[in-house]
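Chain and residue survey
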Amino acid sequence: MLKGRNLIEPMDFTLEELEQIFLLADEIIKNPTQYAKMCDGKILATLFFEPSTRTRFSFEAAMLRLGGNVIGFSEANSSSVAKGESISDTIRTVSCYADIAVMRHPKEGAALVASESSHIPVVNAGDGGHQHPTQTLTDLLTIRRVKGRLKNLTIGCCGDLKFGRTVHSLIKALSRYEGNKFILISPQELNVPEYIIRILKEKNIEFKQVEKMEEVIGELDILYMTRVQKERFFNEEDYVRLKDSYILCNEKMKLAKENMIVLHPLPRVNEIAYEVDDDPRAIYFKQAKYGMFVRMALICKLLGLA
Ligand code: NCD
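Values in this document were obtained by computation on a predicted structure and should not be read as measured data.

Parameters and conventions
- Residues numbered from 1 in each chain as written.
- Predicted model: local features only at pLDDT ≥ 70, side-chain atom pairs only at ≥ 80, totals over all residues.
- Heavy atoms only, no water.
- Helix = DSSP H or I, 4+ residues; strand = E, 2+ residues; numbered from the N terminus.
- Rg over C-alpha atoms; globule rule 2.2 N^0.38 Å.
- Buried < 20%, exposed > 50% of the residue type's maximum accessible area, 1.4 Å probe, protein only.
- Areas by Shrake-Rupley, 256 points an atom, 1.4 Å probe, with all protein chains shown as cover.
- Lys, Arg positive; Asp, Glu negative; His and termini not counted.
- Charge placed at Lys NZ, Arg CZ, Asp CG, Glu CD.
- Pairing = 2+ DSSP bridges.
- Axes fitted to C-alpha atoms, helices over the stretch in contact; angles between N-to-C directions.
- Contact = heavy atoms within 4.5 Å.
- Phe/Tyr/Trp six-rings, centres within 6.5 Å; stacked < 30°, edge-to-face > 60°.
- Lys NZ or Arg CZ within 6 Å of the ring centre and 35° of its normal.
- Domains from an automatic or database assignment.
- Buried area = accessible area lost by both parts, 1.4 Å probe.
- Salt bridge = Lys/Arg side-chain N within 4 Å of Asp/Glu carboxyl O.
- Polar contact = N/O pair within 3.5 Å; in protein donor to acceptor, adjacent residues only side chain to side chain.
- Near = heavy atom within 4 Å.
- 1 Å grid on protein atoms, 1.4 Å probe; cavity = no way out; pocket = protein on both sides within 12 Å on 5 of 7 lines; lining within 4 Å.
- Sits in = over half its atoms within 2 Å of the grid points.
- Nonpolar A, V, L, I, M, F, W, Y, C, P; charged D, E, K, R; others polar.
- UniProt positions renumbered as here; feature names shortened; annotations may be inferred.

In terms of regular secondary structure, the chain is built from 11 helices and nine strands. For the chain, whose C-alpha radius of gyration is 19 Å, the value lies close to the compact-globule estimate of 19 Å for 306 residues. When the 306 residues of the chain are sorted by exposure, 57% land in the buried category. With the model as given, the accessible surface of the chain reaches about 13,500 Å², and the carbon-plus-sulfur share is 49%. Treating the 41 positive side-chain charges of the chain as one cloud and the 41 negative ones as another, the clouds have centres 4 Å apart.

A word on the sheet that holds strand β1 (residues 43-48). On the basis of which strands lie adjacent, the open sheet formed by four strands has the order β2-β1-β3-β4 and parallel pairing. Only two strands of the sheet have a single neighbouring strand rather than two, namely β2 (69-73) and β4 (122-127). Across the sheet, the mean angle separating the axes of adjacent strands is 15° when strand polarity is ignored. Sheet topology note: the β1/strand β3 (residues 100-105) ladder contains five bridges and is parallel. Bridge pairing links Thr46 to Val102 in β3. Contacts from helix α4 (residues 110-117) reach β3 and β4 within the one sheet, and its direction differs from that of β4 by about 160°.

Let's shift gears to the packing of aromatic side chains. If you walk through the whole model with that rule in mind, you get four aromatic pairs. For the pair Phe233 and Tyr239, a centre-to-centre distance of 5.8 Å together with 70° between the ring planes defines the contact as edge-to-face. Look at Tyr239 and you get buried, because its relative accessible area is 10%. The ring centre of Tyr274 lies 4.0 Å from the NZ or CZ of Arg268, which sits over that ring.

Its domain assignment divides the chain into domain 1 (10-131 + 291-302) and domain 2 (133-288). Taken together, the contacts link 32 residues of domain 1 with 27 residues of domain 2. For the pairing of domain 1 and domain 2, the buried interface totals around 2,500 Å² over both sides, and the portion due to carbon and sulfur atoms is 55%. Counting the surface domain 1 buries against domain 2, the share from its top three residues, Phe22, Arg54 and Gln131, is 25%. Linking domain 1 with domain 2 are five salt bridges, by the criterion used here. Linking domain 1 with domain 2 are 15 residue pairs in polar contact (both at pLDDT 80 or more). Those elements that place two or more of their residues in the side of domain 1 that touches domain 2 are α1 (15-30), α2 (54-65), β3, β4 and α11 (284-302). Here the side of domain 1 that touches domain 2 takes eight residues from α1, the largest share from any one element.

With that out of the way, let us pick up the pattern of salt bridges. What the rule picks out here adds up to 18 salt bridges. Of the charged contacts, one joins Glu231 and Arg227 as a salt bridge, the two residues approaching to 2.8 Å between their closest N and O atoms. Here Arg227 falls in the buried class, since its relative accessible area comes to 15%. Measuring nitrogen to oxygen at the nearest pair gives 3.0 Å for the salt bridge that ties Asp238 to Arg241. Note that Asp238 and Arg241 are positioned in helix α9 (residues 236-242) at a spacing of three residues, about one turn of the helix. Overall, Asp238 belongs to the partly exposed group, its relative accessible area being 26%. Among the ionic contacts, a cluster of salt bridges with common partners joins Glu19, Asp26, Arg144 and Arg145.

This paragraph deals with the site of the ligand. Taken together, Thr55, Arg104, His132, Gln135, Arg165, Thr166, Arg227, Gln229, Pro265, Leu266 and Pro267 make up the full set of residues near the ligand. At 2.8 Å from an oxygen atom of the ligand is found a side-chain nitrogen or oxygen belonging to Gln229. Burial of the ligand by the protein chains amounts to 95% of its free accessible area of 320 Å². One can see that the ligand is located within the largest pocket. Class assignment for the residues of the shell around the ligand results in three nonpolar, five polar and three charged.

With that settled, the discussion passes to the UniProt feature "binding site: L-aspartate" (unreviewed entry) in the chain. On the UniProt side, "binding site: L-aspartate" (unreviewed entry) is annotated at positions that read Lys83, Arg165 and Arg227 here. Look at the named residues: they lie 145 residues apart in sequence, and the longest C-alpha span between them is 32.9 Å, so in the fold they stay spread out. For the largest pocket, the lining residues among the annotations just cited are Arg165 and Arg227. Note that Arg165 resides in helix α6 (residues 165-174). The residues touching Arg165, leaving out its near neighbours within four places in the chain, are Glu50, Arg104, His105, Gly126, Asp127, Gly128, Gly129, His130, Gln131, His132 and Arg232. Here Glu50 takes part through its side chain, which lies 3.2 Å from a polar atom of the side chain of Arg165.

The subject of this paragraph is the sheet that holds strand β7 (residues 207-210). Remark on secondary structure: sheet strands pair via backbone hydrogen bonds, oriented parallel or antiparallel. Read across the sheet, five strands follow the order β7-β6-β5-β8-β9 without closing on themselves; strand pairing throughout is parallel. Here the strands that pair on one side only, and so sit at the sheet edges, are β7 and β9 (261-263). Recorded for the sheet is a direction-independent mean angle of 20° between the axes of neighbouring strands. Here strand β5 (residues 154-158) runs beside strand β8 (residues 222-225); their pairing, made up of four bridges, is parallel.

Dropping the structure here:
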């Protein structure tokens, strides 16, 4: 039962619960009009203390397409947080007005803290460099629909694997399906955090860490590109040195399998050349669209409406 639950990190839901969400998303994609009044009278609150385009808009569009309403802020300065209000007081207040809340915050653990004081479901829309579980729902729905499975895949994660929260959540989630292998492509300074490596080792999951994309791109079923997370660097110099570590271009795509797919949570900065967009294997905008449908399914489930 997903009604009333929070989603703070990917492991909060069992594989069966995830499957229920994906099945509902498939249904919504097939027959959106049937769901157009599902959330009639319900309110979603979006509390965004950090910039966002896809996550906030896709949540808001999801709620509006379900016939519900949306309140919220996209800058902490425009809320009482600017007056010094705590996360827990903010969420307690929001609980009085809305039926479900989505929160993005620069601090790791912020959504968890909020969920402890909330009377309504809280969804983590990104907490610092930690986790981003609804991006993972988006990624999994996309992989499931395009590749037809979530297991027995070789997944290459490339770019800023240290600060990139989408990668942390994705690796955690995909490591639960059998036969998946990971190739982690990053400069050493931007390797995945130790706790992710520990999870892979504990579960005996095959993985390797490399620095050159060209060496491994031919082995991949999925290439998950990420941007270097400028806002999480301590100094500009390091960012400038590392920001263009990887640039995927048509030349490199020639080395990849015919049926490899390229995913990216977006925004892209420089890491995928625009020429790649025309390659049928580049599906990051389709992925962004699936993000709305999977969030529609999530909202319905957490509100106990489907
Ligand atoms: C990601 C995020 O916010 O972590 N964006 C998103 O939600 N689609 C990725 C990023 O900002 O690089």
